[in-house]
Amino acid sequence: MITLKSKREQRMMHEAGKLLAACHKQLSKQIKPGVTTAELDHFVEDYLKKNGATPEQKGYNGYKYATCASINDEICHGFPRSSPLQDGDIVTIDSVFNLNGALADSAWTYAVGTPSPEAQALMDVTYRALYEGIKQAKVGNRIGDIGHAIQSYVEPKGYTVVRDFTGHGIGPTLHEPPQILHYGSPGKGLRLKEGMVITIEPMINIGEYPSKLDSNGWTARTVDGSLSAQYEHTLVITADGPLILTDQGDAHLYM
Ligand code: MF3
Ligand code: CO
């Protein structure tokens, strides 16, 4: 069932979102060659504890960590690990914060040291694609308008949109209907209503879009080994347009 959130629920999710956004800004300063994603995961756990919040991903369908840390050709659901990040890697850190029962979900791709021009271009396109999608998240539009905006921004530049993972409704649990595809046709799909809270989280590849699952049963990576990036926000559909709950302070530049 698609739930519409009250103003109070929206405010509580916004508090969770602000905490998660602040955590991402701290992560961005720590990510450099030699750091491990296990260390970053511990930092996030610690940060949650200090702020009276909990890691919603931990224990979710048996997932063991506070974060997903997906490196280079990993699309999503990478496990934090104890091998050091290398100069030129890109790493997506994804986490879901629970603050007083309210959830927020945000993923961000970071460059480790100096990225290649190809990796930087992929990150730029993926980041802009997120905001192209968010601009369509308004009352009266349909879900297909979001996916279409992302797909039609990304594909002419030669990149591909991952099909196997989608955005989603969020609250009271992590994955709620509706599914938010990052590709699609304008004017198609469910109509967006005031009070819906959703994630938009395009995963964009340099190569082809098919993914395969690692033997750990979780981690998805590109079949062709090409790089994949992802940016994700949680947002509310309001009468005044989308309100980004996990904004790091940059959204106004693109909205
Ligand atoms: N943020 C991820 C998502 O968008 C969360 C995955 S949770 C996991 O859905 F536990 F499944 F990893
Ligand atoms: Co999500």
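For the structure, see preceding data.
So, here's what we can say about the structure. Just so you know, these numbers come straight off a predicted model, no measurement behind them. (Residues numbered from 1 in each chain as written. Chains lettered and ligands numbered in written order. Predicted model: local features only at pLDDT ≥ 70, side-chain atom pairs only at ≥ 80, totals over all residues. Heavy atoms only, no water.)

**Side note on the overall build of the protein chain**
Working step 1: Counting its secondary structure elements, the protein chain contains 4 helices and 15 strands.
Working step 2: Taken over the C-alpha trace, the protein chain has a radius of gyration of 17 Å; the compact-globule value for 255 residues is 18 Å, and the two agree within 12%.
Working step 3: With respect to the principal axes defined by its C-alpha atoms, the protein chain has extents near 45 × 45 × 35 Å.
Working step 4: Counting every position in the protein chain, which comprises 255 residues, the buried fraction comes to 54%.
Working step 5: Partitioning the intrachain contacts of the protein chain with sequence separation of at least 6 by distance along the chain shows that 70% fall at a separation of at least 24.
Working step 6: Separation between the mean location of the 24 positive side-chain charges and that of the 29 negative ones in the protein chain comes to 6 Å. (Helix = DSSP H or I, 4+ residues; strand = E, 2+ residues; numbered from the N terminus. Rg over C-alpha atoms; globule rule 2.2 N^0.38 Å. Buried < 20%, exposed > 50% of the residue type's maximum accessible area, 1.4 Å probe, protein only. Contact = heavy atoms within 4.5 Å. Lys, Arg positive; Asp, Glu negative; His and termini not counted. Charge placed at Lys NZ, Arg CZ, Asp CG, Glu CD.)

**A few points about the coordination of the cobalt ion (ligand 2)**
Working step 1: Donor atoms from the polypeptide that coordinate the cobalt ion (ligand 2) comprise D105 (OD), H168 (NE2), E201 (OE) and E232 (OE), at 2.1 to 2.3 Å from the metal.
Working step 2: All donors of the cobalt ion (ligand 2) belong to a single chain; written as a sequence motif, their spacing is D-x62-H-x32-E-x30-E. Here E232 lies in the loop between β13 (228-230) and β14 (233-238) and E201 lies in the loop between β9 (197-200) and β10 (203-205), a separation of 31 residues in the sequence. Note on accessibility: E201 and E232 belong to one class, buried. (Donors = N, O, S within 2.8 Å, 3.2 Å for Na, K, Ca; no water.)

**Brief notes about the pattern of salt bridges**
Working step 1: Under the counting rule described, the total for this entry stands at 9 salt bridges.
Working step 2: With a closest N to O distance of 2.8 Å, D214 and R221 form a salt bridge. (Salt bridge = Lys/Arg side-chain N within 4 Å of Asp/Glu carboxyl O.)

**Some words on the site of ligand 1**
Working step 1: Surveying the vicinity of ligand 1 reveals 14 residues, the closest of which are Q57, D94, D105, H175 and E201.
Working step 2: In this structure, D94 approaches ligand 1 through a side-chain N or O atom, which is 2.7 Å from a nitrogen atom.
Working step 3: In the model, an oxygen atom of ligand 1 is placed 2.8 Å from a nitrogen or oxygen of the E201 side chain.
Working step 4: Burial of ligand 1 by the surrounding chains reaches 96%, relative to a free accessible area of 330 Å².
Working step 5: Split by residue class, the shell around ligand 1 holds 6 nonpolar, 4 polar and 4 charged. (Near = heavy atom within 4 Å. Polar contact = N/O pair within 3.5 Å; in protein donor to acceptor, adjacent residues only side chain to side chain. Areas by Shrake-Rupley, 256 points an atom, 1.4 Å probe, with all protein chains shown as cover. Nonpolar A, V, L, I, M, F, W, Y, C, P; charged D, E, K, R; others polar.)

**Focus: the sheet that holds strand β3 (residues 74-76)**
Working step 1: One open sheet holds the 3 strands; their spatial order is β3-β12-β11, and the pairing between them is antiparallel. Edge positions in the sheet fall to β3 and β11 (211-213), since each has one partner strand and no second. Each strand axis lies, on average, 40 degrees off the axis of its neighbour in the sheet, ignoring direction. (Pairing = 2+ DSSP bridges. Axes fitted to C-alpha atoms, helices over the stretch in contact; angles between N-to-C directions.)

**So, the packing of helix α1 (residues 7-30) against helix α2 (residues 37-50)**
Working step 1: In the contact formed by α1 and α2, the axes pass within 11 Å of each other and the chain directions differ by 145 degrees. The two elements α1 and α2 cross, and the hand of that crossing is right-handed. Of the residues in α2, those touching α1 at L19, A22, C23, Q26, L27 and Q30 are L40, F43, V44 and Y47.
Working step 2: Across the contact of α1 with α2, the residue classes break down as 8 nonpolar, 2 polar and no charged. (Left-handed = near helix turned anticlockwise from the far one by under 90°.)

**Points about the sheet that holds β13**
Working step 1: The strand order β6-β10-β13 describes an open sheet built from 3 strands, whose pairing is antiparallel. Each of the sheet's edge strands pairs with one partner strand only, and the pair in question is β6 (160-161) and β13.
Working step 2: Of the pairings in the sheet, the one linking β10 to β13 comprises 3 bridges and is antiparallel in character. Paired with I204 across the two strands is A229, which belongs to β13.

**Notes on the side chain of D250**
Working step 1: Considering the arrangement of structural elements, one finds D250 in the segment after β15 (241-244).
Working step 2: The charged side chain of D250 is buried without a salt bridge, its nearest counter-charge being K25 at 6.7 Å.
Working step 3: Of note is the side chain of D250, whose polar atom sits 2.4 Å from the side chain of Y127.
Working step 4: In contact with D250, not counting residues within four places along its chain, are W108, Y127 and Y131.

**Considering α2**
Working step 1: The first and last C-alpha atoms of α2 sit 20 Å apart over 14 residues, in line with the 20 Å expected at 1.5 Å per residue.
Working step 2: Turning to α2, its buried residues number three or more, namely T37, A38, L40, D41, V44, E45, Y47 and L48.
Working step 3: Taken together, the buried residues of α2 touch α1, β1 (54-55), β2 (67-71) and β4 (90-99). (Expected span 1.5 Å × (residues − 1).)

**A short note on the environment of Y60**
Working step 1: Within the fold, Y60 resides in the loop between β1 and β2.
Working step 2: By relative accessible area, Y60 is classed as partly exposed at 24%.
Working step 3: Along the chain, Y60 and G169 lie 109 residues apart, while their C-alpha atoms are 16 Å from each other.

All we've got here are geometric facts, nothing functional implied.
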